[in-house]
Amino acid sequence: MAAINDAGLSRRSFLLGTAGLGTVGALAACGNGGAGGDSTSGGSLSLLLPGDVPPGWDRVLGAVNEKLEADLGFTIAPEFIAWSNYASQSLLKFTAGEDFDTALSARWLNIAQLVESEAIIGLDHAFASGDYPELQATIAQDAFDANRWPDGTVYGLPAVNSAARLHHYTVRADLVDTYAGGSIDSFDQLEQFWYDVHQGEGIPGFVRGGASPWLVLGGPTGVFFPEGWENPSVIPVFFSSDSLFFVPAADAASTGSSDLVPFWEHQPYVDALRRVRQYYEDGIINADMLNIDTATAKGQFTSGGAASVWAITDGTSTSAHLQELTAAVPGASLMNVMPFADGLAARPSQTFQADNMVVLNASGSDNARALQVLDWVSKQENHDLLQYGIEGTDWELVDGDRYRQIGEYANFPGYALSWRVDRERKAADMSDSEDELFTWSQDYSNFERDTFASFIPDLGPVETEHSQITAAIAEFGLPLWAGAKDVDSGLDELKRAMETAGYEKVLEELRTQADAYLAEQA
Amino acid sequence: MEAFTAVSYIGAGLFGLAAIIPFWMVLAGSLTAESALSQRGYSFWPSPFSTAAYAAIFSGTRVWLAYGATLFITVVGTALAVAATSGLAWVISRGLPRLSRGLAVFSYIPMLFSGGLVPLYILVTQMLGLRNSLFAVILPIVVAPFLVFVQVSFFRGIPGEILDSARVDGAGELRIFFQIVLPLSKPVLAVIALFYAVTFWNDWFHALLFISDSNIYPLQLVLHNMISNLSMAQDLAGAGAAPLYQIRLAMTVATIGPILLAYPFAQRYFVKGLTLGATKG
Amino acid sequence: MTGTTEDTRAATPGKLKPTARAARRTPQERGPVGSRRRRGVQWRRKDYGLVILAAPAIVFFLVFAYGPMAGLVVAFQDFNINDGVFGSPWAGLSNFEFFFTSGQMNRILLNTLVLNALFLTATLGAGVLLALMLNEIRGTLLRRGLQSAVFIPYFVSPIVISIFLQAFLAGVGGRGGIVNDALNAFALPSVSWYTEPGPWPWILTIVKVWQLGGYFSVIFLAAITSIPEEVYEAGTIDGATRAQMAWRITLPLLKPTGAVLLLLGVGRIFYGDFGLIYAIVGDNGILFSTTDVIDTYVFRALRTYGDFGTTAAIGLFQSVVGFVLVMIALGVQRRYSKESSVL
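Computed from a predicted model, the values in this text were never measured in an experiment.

Novice: If you had to explain the overall build of chain B to someone new, which residues and values would you point to?
Specialist: Scanning chain B from N- to C-terminus turns up 15 helices and 0 strands. Taking as baseline every contact in chain B between residues at least 6 positions apart, the subset at least 24 positions apart corresponds to 69%.

Novice: Any chance you could break down the interface of chain C and chain B for me, citing the residues and the numbers?
Specialist: Taken together, the contact between chain C and chain B spans 112 residues of the former and 111 residues of the latter. Summing both sides of the interface, chain C and chain B together bury roughly 10300 Å²; the carbon and sulfur share of this comes to 72%. At the boundary of chain C and chain B, one finds 0 salt bridges. At the boundary of chain C and chain B, one finds 7 residue pairs in polar contact (both at pLDDT 80 or more). Of the residues forming the side of chain C that touches chain B, the biggest block, 17 residues, is contributed by helix α4 (residues 49-69) of chain C. A breakdown of the residues in the side of chain C that touches chain B according to their chemical character gives 67 nonpolar, 26 polar and 19 charged.

Novice: Let's hear about the sheet that holds strand β8 (residues 308-312) of chain A: which residues, and what values?
Specialist: Paired through their backbone hydrogen bonds, the strands of a sheet run either parallel or antiparallel. Residue and element names in this part refer to chain A. Strands sit in the order β8-β5-β9 across an open sheet of 3 strands; the sheet is antiparallel. The open sheet has two edge strands with one neighbour each: β8 and β9 (334-337). Adjacent strand axes in the sheet meet at a mean angle of 35 degrees, parallel and antiparallel pairs treated alike. Across 5 bridges, strand β5 (residues 167-172) lies against β8 in antiparallel orientation. By the bridge assignment for β8, Val-171 is matched with Ser-308.

Novice: Tell me about the environment of Glu-504 of chain A, and please be specific about residues and values.
Specialist: Residue and element names in this part refer to chain A. Within the secondary structure, Glu-504 is located in helix α21 (residues 503-521). For Glu-504, a relative accessible area of 44% corresponds to the partly exposed category. Once the C-alpha coordinates of Glu-504 and Glu-465 are considered, the two residues, 39 residues apart in sequence, prove to be 9.6 Å apart.

Novice: Which residues make up the packing of helix α4 (residues 62-93) of chain B against helix α5 (residues 99-112) of chain B, and what values go with them?
Specialist: Residues and elements named next belong to chain B. Across the interface, α4 lies against α5 with an axial gap of 7 Å and an inter-helix angle of 130 degrees. Between α4 and α5, the angle falls in the class oblique. Contacts between α4 and α5 involve Leu-88, Val-91 and Ile-92 from the former and Leu-99, Ser-100, Leu-103, Ala-104 and Ser-107 from the latter. Across the contact of α4 with α5, the residue classes break down as 6 nonpolar, 2 polar and no charged.

Novice: Lay out a nonpolar patch on the surface with the relevant residues and their values.
Specialist: All names here are of chain B. A grouping of Ile-10, Leu-14, Leu-17, Ile-20, Ile-21, Trp-24, Phe-44 and Trp-45 is seen on the molecular surface, where their side chains present a nonpolar patch of about 820 Å² in accessible area. Tracing the backbone through its elements, the reader meets Trp-45 in the loop between α2 (34-40) and α3 (52-58). By relative accessible area, Trp-45 is classed as exposed at 61%.

Novice: Please provide a residue-by-residue account of the pairing of β5 of chain A, values included.
Specialist: Consecutive residues of a regular strand have side chains that alternate between opposite faces of the sheet. All names here are of chain A. The buried fraction of β5 is high, at 6 of 6 residues. Judged from the 4 bridges that link them, β5 and β9 form a sheet pairing that is antiparallel. What sits directly across from Tyr-169, in β9, is Val-337.

Novice: Describe the pattern of salt bridges, listing the residues and the values that go with them.
Specialist: A pair can form between side chains of opposite charge whenever their charged atoms are brought close. Residues and elements named next belong to chain A. In the structure shown here, the tally under the stated rule is 33 salt bridges over all chains. Linking Glu-98 and Lys-93 is a salt bridge whose minimum nitrogen-to-oxygen distance equals 3.8 Å. One exposure class covers both Glu-98 and Lys-93, and it is buried. One salt bridge connects Arg-148 with Asp-124, and the closest N-O pair in it is separated by 2.5 Å. A residue pair is termed long-range when its members are at least 10 positions apart, and Arg-148 in the loop between α7 (141-145) and β4 (156-158) and Asp-124 in helix α5 (residues 124-128) qualify at 24 residues.

Novice: Got a sec to walk through the side chain of Arg-300 of chain C? Specific residues and values, please.
Specialist: Along the chain, Arg-300 of chain C turns up in helix α16 (residues 294-301). A polar side-chain atom of Arg-300 of chain C sits 3.0 Å from a polar atom in the side chain of Asp-292 of chain C. Beyond its immediate stretch of four places on either side in the chain, Arg-300 of chain C contacts Thr-470, Ala-471, Ala-474 and Glu-475 of chain A together with Phe-288 and Asp-292 of chain C.

Novice: Help me get a handle on the packing of aromatic side chains, residues and values and all.
Specialist: Enumeration according to the criterion identifies 67 aromatic pairs over all chains in this entry. Considering the side-chain rings of Trp-149 of chain A and Tyr-155 of chain A, the 6.4 Å spacing of their centres and the 90 degrees angle between planes classify their relative orientation as edge-to-face. Each member of the pair, Trp-149 of chain A together with Tyr-155 of chain A, is buried. With centroids separated by 5.5 Å and ring planes inclined at 90 degrees, the aromatic side chains of Trp-90 of chain B and Phe-155 of chain B adopt a geometry described as edge-to-face. Here Trp-90 of chain B, found in helix α4, pairs with Phe-155 of chain B, found in helix α8 (residues 145-155); they are 65 residues apart in sequence, far enough to count as distant. Taken as a pair, Trp-90 of chain B and Phe-155 of chain B share a single burial class, namely buried.

Cut-offs used in this document
- Residues numbered from 1 in each chain as written.
- Chains lettered and ligands numbered in written order.
- Predicted model: local features only at pLDDT ≥ 70, side-chain atom pairs only at ≥ 80, totals over all residues.
- Heavy atoms only, no water.
- Helix = DSSP H or I, 4+ residues; strand = E, 2+ residues; numbered from the N terminus.
- Contact = heavy atoms within 4.5 Å.
- Buried area = accessible area lost by both parts, 1.4 Å probe.
- Salt bridge = Lys/Arg side-chain N within 4 Å of Asp/Glu carboxyl O.
- Polar contact = N/O pair within 3.5 Å; in protein donor to acceptor, adjacent residues only side chain to side chain.
- Nonpolar A, V, L, I, M, F, W, Y, C, P; charged D, E, K, R; others polar.
- Pairing = 2+ DSSP bridges.
- Axes fitted to C-alpha atoms, helices over the stretch in contact; angles between N-to-C directions.
- Buried < 20%, exposed > 50% of the residue type's maximum accessible area, 1.4 Å probe, protein only.
- Parallel < 35°, antiparallel > 145°, perpendicular 65-115°, else oblique.
- Patch = residues over 30% accessible without salt bridge, like charges linked within 9 Å, V, L, I, M, F, W, Y side chains within 5 Å.
- Areas by Shrake-Rupley, 256 points an atom, 1.4 Å probe, with all protein chains shown as cover.
- Phe/Tyr/Trp six-rings, centres within 6.5 Å; stacked < 30°, edge-to-face > 60°.

Keep in mind these numbers describe shape, not what the thing actually does.
The structure is reproduced here in C-alpha cells:
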C-alpha cells in the first residue's frame, strides 16, 4: 500500500504534537514572567483601564515609570480592556480575586456588586488622613461626599473634570449662521433650526447611536427635553441608570416625603416622548438610533450628515469632532449650545455623583501604594505627563495654559485615573462656546445641590425584580427613547411589562429608602 | 449537460456570489474615502479611492506583532489539536466495549455542561499560571468535542477489512493507527485541521481573558478592540481623525486575507478525493 | 448515553478478558460503510496503544472541561467575591428565580427553540445541498474558486455582518437601504425592517445560512470524498442520471454525518447564538418579541448587576435542558437507525 510510505511523517508529527501537549505545562511556567507588563513583576502596580492602548504608550509609560521610580520607588503597569468588555472583564478579575490595585467603576458599571461583596475598600480614612495632600487638594469634599454609600462609606474617588455633568448639544456653527441667525437661545429656536436644516440641507437635525433615557427624560437637562431649559431642577432617582426612572416630589426636602412616581406619571417626560416621536416621523432625528453604534453616528456627523450631536460638559466635544468635520466639510465650524433659557444664570440641580470613579481592590497588592499613585497623578506635571504625554514631543503649551497635541500620543483614559477638575487643560481648538460652558461647569458653586444628592439606594432587597425591570426597559423603553414606537401603545406595553416585573415592589422599596435618606438629611 | 448539473452550477454559483459580493464590498469600502462611505454608504467601486485605512493599520508595529501572535497560535494550536483529536476520535470509533462508548460520553458532556468563565479563569491564570502566555489561548480550546465526533463519523467509514488484515498480520494499535488509518484519512485530517486553524485564527475571546500584554495580542483581538471600542479606531491613527468605517472594513480584509490563502492547501486533499466521485457519469 | 446497547450489554457479565468476549462475536463485515459497530472486537495487550492515543485529549477534558465544572456549585449559592466559590452561603434555587418569574420566560424559551431549530435545519440543509452541487462542478478552477468563496462568510465577524445588514436593510440614516431600493423599483412600498419584528427569524436564518452554509458544506464534501468509487459504478451501469445518483447514492451515505451534526446541534439548542444575535439586534427592543433568546435576555438583565451565581444558574438550566433533549434525540435516532448513532 503506497500510503504507508507517508506513515513515517505522520507518525513523527503526531508524536511531536502529543509531546508538545505534554510539555505545555513546562512552557506555561515560563509564560508568566515571559511578557512584560504583568501585574506582579518587579514592584509594579497593576491598574485596570478601559479602552485601548494609546499610540506611543510604551514611550510615555517609560517616562512615567522613570519619574515614579524616582519619586515613589515603584512603577505602574496599566492593563487596557476594550470598552465593550470592560464591565464583564473587570468584574471577572475582581471575582477571581486577582491582585490588581485600581479599576474604574461606577453605578452604571458594577460598583453596587463590588461594595456588596466587599471587593473594594472604603476610602474615607485615607482621604482624611492627610497622607495624600494632592489628592485632597484636587477632589472637592462635596464631590467626595456625594458618592457616599448607604453604609456611610465612600468607595470610589471621583475621576471627573467638571463639577456638573450637563447634557447639551454640539451644533454646526456654520449652519446656525445660515439658518438661525448665528445663535440659539431657546428650545423653540433649536427645534426650528432642526426643521429648517432638514428642509434646506436634507439632513437630520440630530444624529445619535444608541438610545439613552437621558436624551428624553432629562436630568436636569436633556436633548429633547424643553422643560429642562426653563427649569433644570428635576433629577430622577433610580437603582441603576439602565432600569426604571422615578421622579421625586418637588417639595420632598421640606415635606420629608419623597413621593416617588414612575417616570410616566411626570408629564414633562411624557411630553418629551411625544416630541421625540414626532421628530422620528418628521426625519429630524436619525431613524436608526436603536441599531447603530456611537462611532457610526459620530462618523455621520463629522462627514456633514447631521446638524447636531449630543454633548456633555467634559470639555471634549470640539476636539472629538472638529478635525474630521473640517476635513470632510471645508469651512464647517462647531459650537456648543447651552441648554438654558436663562443662559449661565441658570442654577441647575446636580447630585455631584461621579460618572467615573477609581476604586481600590481589596485584594490589591498594595492599597497604600495605589493611593500614592492617585496622589502622584494629581500633581499637575504628572497629570500632564500621563494624559498628554511628553511635553515638546506629544504636546505643547499654547495661549498660556492650553495644550495642543503635536505627537501621536492621545486618548489616555484619564477618567479612570487622573481626571481632576483643577488639573485639566483645555484643548487649543476648543470653541469659545464650549470653553464658556465647560469653565462654568467646573465651579461647584454654580449649581444647586439636589435633594437626593448623595442618595445611593441599596438594591439588595429587590435584586430579582431589578433584573427583570432592566431587561424590560431595554425592550420597551429604548424604542420610546429613540422615537421608534408610538408613545401611547408603547407606554402601555412598558407599563404592563413593569407590572409583570414587579415595579411596585421596587417603587415601594425605593420610597422607603429615599424617605429614610431624607429623614437622615433633616 | 444534465438538468441537475445545470441546477448545481447555478445554485453553487449564486451561493458563491452571495458570499463574494459582500466581501467585495468590504474590500471596496476599505479603499473608499471615509466621507463618501458615511454619507453614501457602500458601493461596488472605491470612489474616491483612499488607502488611508491601510496606512493607519499597518503603520507602527502593532498589527505586525499581532500577525506573529496569531500565526503562532494557529500553527501550534492546530498541530496539537489535530494530534489530540485524531487520537481520541480513533479510539472512540474503534467500537471497543465500554471504552469507546465511555469515551464518547466523556467527550460529549463538555459540549453540554460548562463550568462557566470564572472557574476557567481561575484555572488558567492562577493554577496553571498561563497568564500572558499564548498557550492560554490555545489550550482551553485545543480539543473541540464537535470535531471529535465529526472525525469519529469519518473514521467509521474506513473499511474494516483493511484493519482486520493488518491485525491478522500482528500489527499493534499504534502501528495500525499511524500506518493505515492516518494515511487513509487525509481528507478528513485536512478538514479537521482547517476547522481548527480557523477556530484558532478567529479566537479573540480567550486572548481577551488571558492576554493583557498588548505586544502579544492576536489579530482578532486587535480587530475586536478596534471595531467595538468607541475611541479605539482613533487611537490607531493618533490624531483623532482616523477613518472609522474604513478601518473596520480594512481590518476585516486584513484578518481574512491570510487564512484565505491557507484554504487552498487544505482543499488540495479533499478535492483530489472529490474528483473520483465526480468524474463518473 | 445511559441506554443499554449491545456493546454495554456484552460488557456486563463482569471483567471478562476482552479476548474471551471477542471470541463470542464474529467480525461482521457489512461493506465499507456498514461495518462500524463491531469492528473493534479484539482487545489485546498491544492494544493499550489506544490509551496512549486517547490520553492527551482525556487529560485536556479533565483539566479544562471537567475541572471547572466544580464551579457550577455557585448556581446554588448567594455568590460573594470575598467568600469565593466554595465559601459562599447556600441560596437554594433563588438564583433561578429571576428568569422563571420574569413573565417573559415562555416567549424567550419559544424564541430560543424556534430560532435554533431554524438555524440548525437551515444551515445543515444548505450545507448538504451546497456539497451536492459543488460535487457536480467539473472545472477544477471553478470548483476550487467556488469552494473557497462559500467559505469566506465564516470569517466575517458578527459586527461587520451587522454593519452590512444595516446597509442592506436600512441604509445611511436608517431610512433607505438596498433592499428597499429594490422593492421600490418594483413599485412595492419600503419596509422599515428594523421596526418590524415579524421577518426577523427569517432574516437571521438567512444570515446564518450565508455564514455557515459553506462551513458545513466542507464537512459534507469530505464525506462525499470518502465514498468509494465503486459505489457509483453500479449506478453508472444502471444508467442512472446524476440527479438520481445524488439522491439515491450520495445523499443516503451522507446520513451518518448529518445525523452526528444534528445530534450535536440538538444538545446546544438552548444556547442562542449570542454573538450574532446581539451584534445584529443589539438593544433594539422592538425586535425582541421574535429575536430574544435566553442568552440575550440574561445578558441584558444582568448587565449592571451581573451575578456569577445567577449566570451559572441559567447556564446550568440550559445544559440540563440540552441534556434532556439529547437523550430524546438519541432515543429517536436509535429507533430509526442504529448505525448513525455516535454515543
